[in-house]
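Residue strings, one per chain:
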Amino acid sequence: MKKWFTVLFLAFVTFNVTNTELSYADTIVEESNIETINVEENSIETIVEENVVEKANIEETSVKKTTVKKNLIEKNNVTIIINGEEILFKDPILNDSGHLLLPMRDFYEAIGATVYWNQEKKMASSIRNNQTVDLTINSKTAVVNGNKVQVSVAPIVYKDRTYIPMRFVSENSDGSVYWDEEKQVVEVILNDTGDGEENQTPEVPEIPQIQYILYMNNKKIMMDDPIVNKGGRMYIPSTYFVDHLQNSYEEWTAKDRLELTISGLHFSFIDGSSNIFINDDLYTGAEKPFMQGEKMYVPVKFIIDSFKNGGSLRYVAESNTMYISMYDYMLTSDFLEKSYGFLKVPQLVENVSLDGNRELLVSDNPEELTPDRISRANETLSEYKVQGLIDSKLHRVYGWHINKLGERATIAITIQNTSDNASLEITNSKGMSQVTSNSWSTFDVGLPLSDAVLTNTLADAREKKFTLAPGETKVIDSYELGISYLLGFTHDFDVRKVSGGAGSYTVRTVISLEENPDLASIHSPVVPINQYAAHPRGVWPSSSLKVTLPEYTVDTEQVGYNISNGKTDHLLTAENSLDKMDGTVGNPGHFGMTYKVDIPVVNPSGKLKYVLVKIAGRGGVYSGAVKMNGKTYLIPTLKPGEEFVQLPVLRTSKKSDKIELEIIHAGGSNLPVAVYVETR
């Protein structure tokens, strides 16, 4: 479950910025093709960053992950007893070369210590019984009551959680540790000097900072550096590209010159110079990278536009948040080339059937989340109640929602075990989500989701596997949704009964407007549908369709077939929904589904022939992805009656051959697409 924590700001230190200084957050100047969200002039002050000390209940994912060593193992057969009480930890216990490491936040809470977090130094400071212990991530040097002390094993970050050495912290927090090797039990005895005034924990002053947030291809990053707007262009340190994009690295070749490589594209930046080299080709423009501290700030939009498929950049001044989408990273497949011309009217497909048993829950109505439809802080958007589970079920949840509520929201997929005595196990949990604030929903959201499904590259969930006791509810995945932003997500998971009688459970999509929501507690009735919108909501037995087209004989005239036509293959009706919720709407556009199309090819002569397949929209703008004989391609936006794409030619000398297609729609119009076959 994802947990979000709020930093409490207690004091503000401000200063005025002259015309020659950089403005971090007070003013946003538009850069070409950058969408910015502005606030009133001079409505945000610039805050000095120095000696930043934040409480330890900040989001722990802001600390960079360490590399897990070979001698680091999970050791969950250990029992931890503190002052006679057994303590259960939600996260795994670690053993590093014989030293136990425990999750920092839960352990400090268990021993009653007050803890503070210094984000700049990556240091946690705990205070208990007037004993102060300072621990720094990846450092074997600790500070106890102002004195440096060596630690046998350094604190680390593992699976987005900070871990600290149990024995060292306990013994330096006025406690003793006893180990029972045979029983695998650790007992910690803590001295308690009472709650007198002389022993009260001293308050540590906090100096606030502006927290800048970066979304790199939908991955949230809590930044340690400011985002800079200089000359109407946005700059961030090069390290954020290196640390968060695959196949990226950098090298300083001089004190003021940085060589940055991102996925094979090589940039050369010089401090204060408008001369930028890309793969040794010189570019001179308005962009001027610059040094700040020991880091090189590089022009973000310039880097994005240098890639083949480009991307988008948006900066929200109110929340100091930057959104970077780089399509070369978000899309693993290549686009098909668009062709122009008119194709004849296709015929409707026949004998279509559902394929497979991965059930589909679609949460797309209400698509626009408005105050009149989301009237409370916590609501249920859709649900699927499963009864009588004997063995296992496969699930897919597909969602598409736009935040028109005037405030930020969190949407989540949850699962509640409603069984009397059956325990459930959730496995193979993986998915993908995308957000956008502009009209490019197809490129920012629909195509990445479609591409990930067809290429089988949905990312493993944070908890890929977990158990669910009777009555328990857990979050499968959650997503933040900014004001006026669109969210799309696809998530697959399996549910298996592991003990007890027949299982029952409820899968939900929920929304919360609270700052730190308890998403698992949302069990409210499902909100009504928007009956004036055709967006789908419901549950159907499969997330795939299949059809075999009539045999195509080479050298005969072109033939076309309409799929997702809303007539002969409309199997996902409101009436067929497995759960009626508080209203359902059919899914004739087959959103969230794959459509398998087999085309038998007959070649009576046995001579070498070239067979072509073309795809075109029918009645509305279309975009999607298609897999042909195992390779996936992206379909760009196609205007009906004017544009189409052509798949690679099938070269065949067999008398009997077959073309296998698998198509998934990327969103947009709820209208059909046509598949054409011909001989070149």
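Scroll up to find the structure this text is about.
Because the structure is a prediction, the values reported are computed rather than measured.

### Notes on the overall build of the protein
Here is step 1 of the chain: When its secondary structure is counted, the protein shows six helices and 56 strands.
Here is step 2 of the chain: Looking at the protein residue by residue over its 680 residues, the buried ones come to 54%.

### Here's the deal with the pairing of strand S17 (residues 213–216)
Here is step 1 of the chain: Burial along S17 is two-sided: Ile213 and Tyr215 facing one way and Leu214 and Met216 facing the other are all buried.
Here is step 2 of the chain: Linking S17 back to strand S18 (residues 219–222) in an antiparallel pair, the connection comprises two residues, with Asn217 at a positive phi of about 50°.
Here is step 3 of the chain: Looking at chain direction, S17 and strand S29 (residues 321–326) are connected through four bridges and run parallel. When the bridges of S29 are listed, Met216 appears paired with Ile324.

### Thoughts on the sheet that holds strand S6 (residues 94–96)
Pairing between sheet strands relies on hydrogen bonds along the backbone, with the strands arranged either parallel or antiparallel.
Here is step 1 of the chain: Strands sit in the order S3-S6-S7-S14-S13 across an open sheet of five strands; the sheet is antiparallel. Every interior strand has two partners, whereas the edge strands, strand S3 (72–74) and strand S13 (156–158), have only one. Averaged over all pairs of adjacent strands, the angle between strand axes in this sheet comes to 35°, irrespective of strand direction.

### Some words on the nonpolar core
Here is step 1 of the chain: In terms of nonpolar packing, the biggest core is built from 58 residues, with Ile599, Val626, Leu647, Ile659 and Leu661 touching the most fellow members.
Here is step 2 of the chain: When residues of this core are assigned to their parent elements, the largest contribution, six residues, is made by helix H6 (residues 441–454).
Here is step 3 of the chain: Ignoring anything within four residues of it in the chain, the contact list for Ile599 reads Leu549, Val613, Asp657, Lys658, Ile659, Leu661, Val675 and Val677.
Here is step 4 of the chain: Met222, Val435, Ile476 and Tyr485 belong to the second largest nonpolar core, which has 39 residues in total.

### Section: the environment of Thr442
Here is step 1 of the chain: Relative to the assigned elements, Thr442 resides in helix H6.
Here is step 2 of the chain: In the structure, Thr442 is positioned 224 residues away from Ala666 in sequence and 6.1 Å away in space, judged by C-alpha atoms.

### Considerations on the environment of Pro528
Here is step 1 of the chain: Tracing the backbone through its elements, the reader meets Pro528 in the loop between strand S44 (503–512) and strand S45 (537–540).
Here is step 2 of the chain: Using a relative accessible area of 47% as the deciding quantity, one classes Pro528 as partly exposed.
Here is step 3 of the chain: Taking the C-alpha atoms as reference points, Pro528 and Ser382, 146 residues apart in sequence, are found 9.3 Å from one another.
Here is step 4 of the chain: Ignoring anything within four residues of it in the chain, the contact list for Pro528 reads Pro366, Arg537 and Asp582.

### Overview of the sheet that holds strand S16 (residues 185–190)
Here is step 1 of the chain: Strand order across the open sheet formed by four strands is S5-S4-S16-S15, with mixed pairing between neighbours. Each edge of the sheet is formed by a strand with only one pairing partner; in this case those strands are strand S5 (85–87) and strand S15 (175–180). The average angle at which neighbouring strand axes cross in this sheet is 25°, direction not considered.

### Details of the packing of aromatic side chains
Here is step 1 of the chain: If you walk through the whole model with that rule in mind, you get 13 aromatic pairs.
Here is step 2 of the chain: Considering the side-chain rings of Tyr327 and Phe443, the 6.1 Å spacing of their centres and the 40° angle between planes classify their relative orientation as tilted. One end of the pair, Tyr327, is in helix H5 (residues 327–330); the other, Phe443, is in helix H6, and 116 residues separate them in sequence.
Here is step 3 of the chain: Looking at Phe443, the relative accessible area reads 28%, which means it is partly exposed.

### Some words on helix H1 (residues 104–111)
Here is step 1 of the chain: Buried within H1 we find Met104, Phe107, Tyr108 and Ile111. End-on view of H1: buried residues confined to an arc of 95°, all on one side of the axis.
Here is step 2 of the chain: Following H1 by one or two positions, Gly112 adopts a phi angle in the positive range, close to 75°.

### Some words on the side chain of Glu643
Here is step 1 of the chain: Within the element layout of this structure, Glu643 appears in strand S53 (residues 643–646).
Here is step 2 of the chain: Assessed through its relative accessible area of 8%, Glu643 is described here as buried.
Here is step 3 of the chain: Of note is the side chain of Glu643, whose polar atom sits 2.8 Å from the backbone nitrogen of Lys639.
Here is step 4 of the chain: Once you skip the residues sitting within four places of it in the chain, Glu643 turns out to touch Lys338, Ser339, Tyr340, Gly341, Ala616, Thr637 and Leu638.

### Here's the deal with the side chain of Thr427
Here is step 1 of the chain: In this structure, Thr427 sits in strand S39 (residues 423–436).
Here is step 2 of the chain: Residue classification places Thr427 among the buried residues on the basis of a relative accessible area of 15%.
Here is step 3 of the chain: Residues in contact with Thr427, not counting those within four places in the same chain, are Lys464, Lys465, Phe493 and Asp494.

### Things to note about H6
Here is step 1 of the chain: In a regular helix each residue adds 1.5 Å, so 14 residues correspond to 20 Å; H6 covers 19 Å between its end C-alpha atoms and thus fits that length.
Here is step 2 of the chain: Along H6, the helix axis deviates most sharply at Leu447, where the bend reaches about 30°; the proline Pro448 sits within four residues downstream.
Here is step 3 of the chain: Among the 14 residues that make up H6, 13 are buried, leaving the element largely enclosed by the rest of the structure.
Here is step 4 of the chain: The first or second residue beyond H6 is Asn456, which carries a positive phi of 55°.

### Considerations on unusual backbone geometry
Here is step 1 of the chain: For the bond from Asn365 to Pro366, the omega torsion is 5°, close enough to zero to count as cis.
Here is step 2 of the chain: One non-glycine residue, Asn83, adopts positive backbone phi at about 50°.
Here is step 3 of the chain: Assessed through its relative accessible area of 44%, Asn83 is described here as partly exposed.
Here is step 4 of the chain: Positioned with a positive phi, Lys122 is a non-glycine residue whose angle comes to about 55°.
Here is step 5 of the chain: Judged by relative accessible area, Lys122 falls into the buried class, the value being 18%.

### Topic: the pairing of strand S4 (residues 79–82)
Here is step 1 of the chain: Where burial is concerned, the two faces of S4 differ: the one with Ile80 and Ile82 is buried and the one with Thr79 and Ile81 is not.
Here is step 2 of the chain: Pairing of S4 with S16 involves four bridges; the strand directions are parallel. Bridge pairing in S16 places Ile81 opposite Glu187.
Here is step 3 of the chain: Where S4 and S5 come together, three bridges link them in antiparallel fashion. Its bridge partner lying in S5, Ile81 is registered against Glu86.
Here is step 4 of the chain: Hairpin remark: S4 followed by S5, antiparallel, with two residues in the connecting loop; positive phi at Asn83, about 50°.

### Here we look at the pattern of salt bridges
Here is step 1 of the chain: One pass over the full model with this rule turns up 25 salt bridges.
Here is step 2 of the chain: The salt bridge involving Glu171 is made with Arg167; its shortest N-O contact spans 3.1 Å. Note that Glu171 and Arg167 are positioned in helix H2 (residues 166–171) at a spacing of four residues, about one turn of the helix.
Here is step 3 of the chain: Between Glu643 and Lys338 there is a salt bridge, and its shortest N-O distance comes to 3.7 Å. Of the two residues, Glu643 is situated in strand S53 and Lys338 in strand S31 (residues 338–340); the sequence distance between them amounts to 305 residues.
Here is step 4 of the chain: Through salt bridges with shared partners, a single ionic network connects Lys220, Arg408 and Glu480.

Quick notes on the rules
Residues numbered from 1 in each chain as written. Predicted model: local features only at pLDDT ≥ 70, side-chain atom pairs only at ≥ 80, totals over all residues. Heavy atoms only, no water. Helix = DSSP H or I, 4+ residues; strand = E, 2+ residues; numbered from the N terminus. Buried < 20%, exposed > 50% of the residue type's maximum accessible area, 1.4 Å probe, protein only. Pairing = 2+ DSSP bridges. Axes fitted to C-alpha atoms, helices over the stretch in contact; angles between N-to-C directions. Core = buried A, V, L, I, M, F, W, Y, C linked by side-chain atoms within 4.5 Å. Contact = heavy atoms within 4.5 Å. Phe/Tyr/Trp six-rings, centres within 6.5 Å; stacked < 30°, edge-to-face > 60°. Arc of directions from axis to C-beta. Polar contact = N/O pair within 3.5 Å; in protein donor to acceptor, adjacent residues only side chain to side chain. Expected span 1.5 Å × (residues − 1). Bend = angle between axes of the 7 residues up to and from the residue. Salt bridge = Lys/Arg side-chain N within 4 Å of Asp/Glu carboxyl O.

So, to be careful, I would describe these as geometric facts and stop short of saying anything about function.
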